[in-house]
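Here's the letter readout for the chains.
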Amino acid sequence: MIRHTVVLRLKYPKGSPEEKEFLTAAAKLSSLPGVHKFESLRQTGKKNDFDYGLSMEFDNMEAYEGYNQHPDHIRFVQTYWAKYVEKFLEIDYEPM
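Structure report, in brief.

The rules behind each value
- Residues numbered from 1 in each chain as written.
- Predicted model: local features only at pLDDT ≥ 70, side-chain atom pairs only at ≥ 80, totals over all residues.
- Heavy atoms only, no water.
- Helix = DSSP H or I, 4+ residues; strand = E, 2+ residues; numbered from the N terminus.
- Rg over C-alpha atoms; globule rule 2.2 N^0.38 Å.
- Buried < 20%, exposed > 50% of the residue type's maximum accessible area, 1.4 Å probe, protein only.
- Contact = heavy atoms within 4.5 Å.
- Areas by Shrake-Rupley, 256 points an atom, 1.4 Å probe, with all protein chains shown as cover.
- Axes fitted to C-alpha atoms, helices over the stretch in contact; angles between N-to-C directions.
- Left-handed = near helix turned anticlockwise from the far one by under 90°.
- Nonpolar A, V, L, I, M, F, W, Y, C, P; charged D, E, K, R; others polar.
- Pairing = 2+ DSSP bridges.
- Polar contact = N/O pair within 3.5 Å; in protein donor to acceptor, adjacent residues only side chain to side chain.

Moving on, we get to the overall build of the protein. Helix and strand counts for the protein stand at three helices and four strands. Mapped in sequence order, the helices and strands of the protein form the string β-α-β-β-α-α-β. What you see for the protein is a C-alpha radius of gyration of 13 Å, in line with the 12 Å of a compact globule of 96 residues. Seen along its three principal axes, the alpha-carbon backbone of the protein occupies a region of about 35 × 30 × 20 Å. For the protein, the residues scored as buried account for 30% of the 96 residues in total. Taking as baseline every contact in the protein between residues at least 6 positions apart, the subset at least 24 positions apart corresponds to 70%. Working note: accessible area of the protein is about 6300 Å², and carbon and sulfur atoms make up 53% of it.

In structure tokens form, the structure reads like this:
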């Protein structure tokens, strides 16, 4: 199992139309083949400067790579991620 987690900060303020548009588009990633346990997360603590998180699981590396190469994921990155995200950290890991 591969757990893919990204924490991020948007270029736009909380409550803005852009925030809503980005989060709505991100939620659609949950329907891509191989994606399990998709979650959109909002930061509640003050220990870092990220505001949101996206987390999902894949059965194996092949499924994860298929997700990364899926046309809808590529379109999301080009249309929303590149234009809306100011800063991010991506973590991909598997249980030991």
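Right, picking up where we left off after that structure.
Moving on, we come to the packing of helix 1 (residues 17-27) against helix 3 (residues 71-84). Close contact between helix 1 and helix 3 brings their axes to 11 Å; oriented N to C, the two are set at 145 degrees. Note on packing geometry: the crossing formed by helix 1 with helix 3 is left-handed. In this structure, helix 1 contributes Glu18, Glu21, Phe22, Ala25 and Ala26 to the contact, and helix 3 contributes Phe76, Tyr80, Trp81 and Tyr84. In terms of residue class, the contact of helix 1 with helix 3 is built from seven nonpolar, no polar and two charged.

On to the sheet that holds strand 3 (residues 52-58), then. Taken together, four strands build an open sheet; the order of strands is 2-3-1-4 and the sheet is antiparallel. Of all strands in the sheet, those with a lone pairing partner are strand 2 (36-42) and strand 4 (85-93), marking the two edges. Strand-to-strand twist across the sheet, computed as the mean angle between neighbouring axes with direction ignored, equals 10 degrees. Note: strand 1 (residues 2-10) against strand 3, seven bridges, orientation antiparallel. Counted as the bridge partner of Leu8 is Tyr52 from strand 3.

Attention now moves to the environment of Ser55. Secondary-structure assignment places Ser55 in strand 3. When its relative accessible area of 9% is taken as the criterion, Ser55 is described as buried. Engagement of the side chain of Ser55 in a polar contact is seen with the side chain of Thr5, the distance being 3.5 Å.

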